[in-house]
Amino acid sequence: MILRGRVLHFLKQPNPVNLEGSYEYIEEGAVVINEGRILEIGTYMDTRVKYPDLEVTDYSKNLIFPGFIDLHNHYPQVQVIASYGTQLLEWLQKYTFPEEAKFGDQSYAKLQAKKFIKLLLSNGTTTSVSFCSVHKDSVNSLFEEASKHNMCMIAGKVMMDRNAPDNLLDDPLSSYQDTKELISKWHENGRNYYAISPRFAITSSPEQLLQAGRLVAEHPTCYMQTHLGENKEEIRYAMNLYPNSKNYLDIYREAGLVGSKSLMGHSIHLSPDEISIFKDLEAIAVHCPTSNMFLGSGFFPLRNLINSGVKVGVATDVGGGTSYSMISTLDAAYKIQQFIDFSVHPMYAFYWATLGNAKALGLEKEIGSFRKGSFADLVILDTRGDLCSDIRMKTCTSLTEELFVLQTLGGNHSVKAVYVAGERSK
Ligand SMILES: [Zn+2]
């Protein structure tokens, strides 16, 4: 199969001063897909001559771009998104926990998993790193649904044994056993990967974090995801619960939870010592900008982290986040950094949501770009899909400017089509 259009993908992290060599753009381009993977990209004329028998789908005016990668979200929060008037800890108690309790009913979990995957794919997100609820079957429901679409799903059962309603609590040993069972069922099964998922230090006892650390040690190819330094009140609470730890990140480090496959959601309020731990242990700080604005959490120190050599990812954090669209997420990231005098370059932004996140996951050979052999996960973007964009695009003079306008004015409505492993899903 050949997709014809304006092909764009990234080769390495763009340096705003000299973008050369960081991306590949073919104006009259084509992507050749074979058995769900990228066979090659090139000019439309060349590929047509080389593969005269292949069926062509024409997206000439549109950008063909790698599918977006969302590094942090919560599938049990499909009904929680856009809940009014609270910050993190109250928001969890008031809106999130009551909703997550419903996922004890597997038929409900299945229904919500279906909606969630539909929302991701319709926004051009083809890889997701997701928290499930505390219930084992919530995990089964999500992986089953993701497998139907052959998308890349990284997810896990939330481990939480305190400071939440009783119907959402497990215990250290049962959370260890349930997670172990789920890992053997889902990790590296098709395109699925397991993420060991202690929710955060506040909802896990020291014993449970140690069990999570034991899982990490026993399953070094699994990911680990949790939350860190999102909200000042949360940090105070966590440090009261772990008075012997030097800082918030140290709570996780002491339990053996921090390494190169550890995704630390939010990571806003960090001390220099925590930044050193990030760098030394190669953990990933995951920025969730729409959520940070919505819950009034704070400003992610992006420039400081990049300059300190820390791996950074970007994510929606639905339902604290307010959009499934990674385009809207990049827009929010830009606006947050504007508050702290850093203008994120649009080339960096689009790199970040694709190859950057793929590299953070160590999956850059599989996803995030159009390198030969990677999965044909891609999104077709109409950068003039609405009146406002169409008018503004008339005076765009460069690809960089076009991407910035897309980031600022675009969103879900810019996504014209989506392919997962070569199959059209939108
Ligand atoms: Zn989260």
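Draft legend 1. A look at the environment of Tyr23. Mapped onto the fold, Tyr23 is located in strand S2 (residues 23-34). Taking the number of C-beta atoms within 10 Å as the measure of exposure, Tyr23 has 19 and is therefore partly exposed. Expressed as a C-alpha distance, the spacing of Tyr23 and Ile336, which sit 313 residues apart in the sequence, is 25 Å. Discounting chain neighbours no more than four positions away, the residues touching Tyr23 are Leu8, His9, Phe10, Leu11, Pro14 and Met347.

Draft legend 2. Examining the environment of Phe68 more closely. Summarising the element assignment, Phe68 is placed in strand S5 (residues 68-74). Between the alpha carbons of Phe68 and Asn357 there is a distance of 8.8 Å; along the sequence they are 289 residues apart. Leaving out residues up to four positions away in the same chain, Phe68 has contacts with Gly124, Thr125, Thr126, Met326, Ala353, Thr354 and Val379.

Draft legend 3. Quick peek at unusual backbone geometry. Geometrically, the link from Val318 to Gly319 is a cis peptide bond, its omega value of 0 degrees lying close to zero. Along the chain, Gly319 falls in the loop between strand S13 (311-314) and helix H12 (326-339). You will see that Glu35, though not glycine, has its phi angle at about 50 degrees, which is positive. Considering the arrangement of structural elements, one finds Glu35 in the loop between S2 and strand S3 (37-43). For Glu35, a count of 9 C-beta atoms within 10 Å puts it in the exposed group.

Draft legend 4. Spotlight on the domain arrangement of the protein chain. Examined at the domain level, the protein chain breaks down into domain 1 (2-66 + 370-424) and domain 2 (68-344). Using C-alpha coordinates to define each centre, domain 1 is positioned 30 Å away from domain 2. For the side of domain 1 that touches domain 2, the elements supplying multiple residues, two or more each, are helix H15 (399-409) and strand S15 (415-420). By residue class, the composition of the side of domain 1 that touches domain 2 is six nonpolar, six polar and two charged.

Conventions and cut-offs
- Residues numbered from 1 in each chain as written.
- Predicted model: local features only at pLDDT ≥ 70, side-chain atom pairs only at ≥ 80, totals over all residues.
- Helix = DSSP H or I, 4+ residues; strand = E, 2+ residues; numbered from the N terminus.
- Buried ≥ 20, exposed ≤ 12 C-beta atoms within 10 Å, placed from the backbone.
- Contact = placed C-beta atoms within 7 Å.
- Domains from an automatic or database assignment.
- Nonpolar A, V, L, I, M, F, W, Y, C, P; charged D, E, K, R; others polar.

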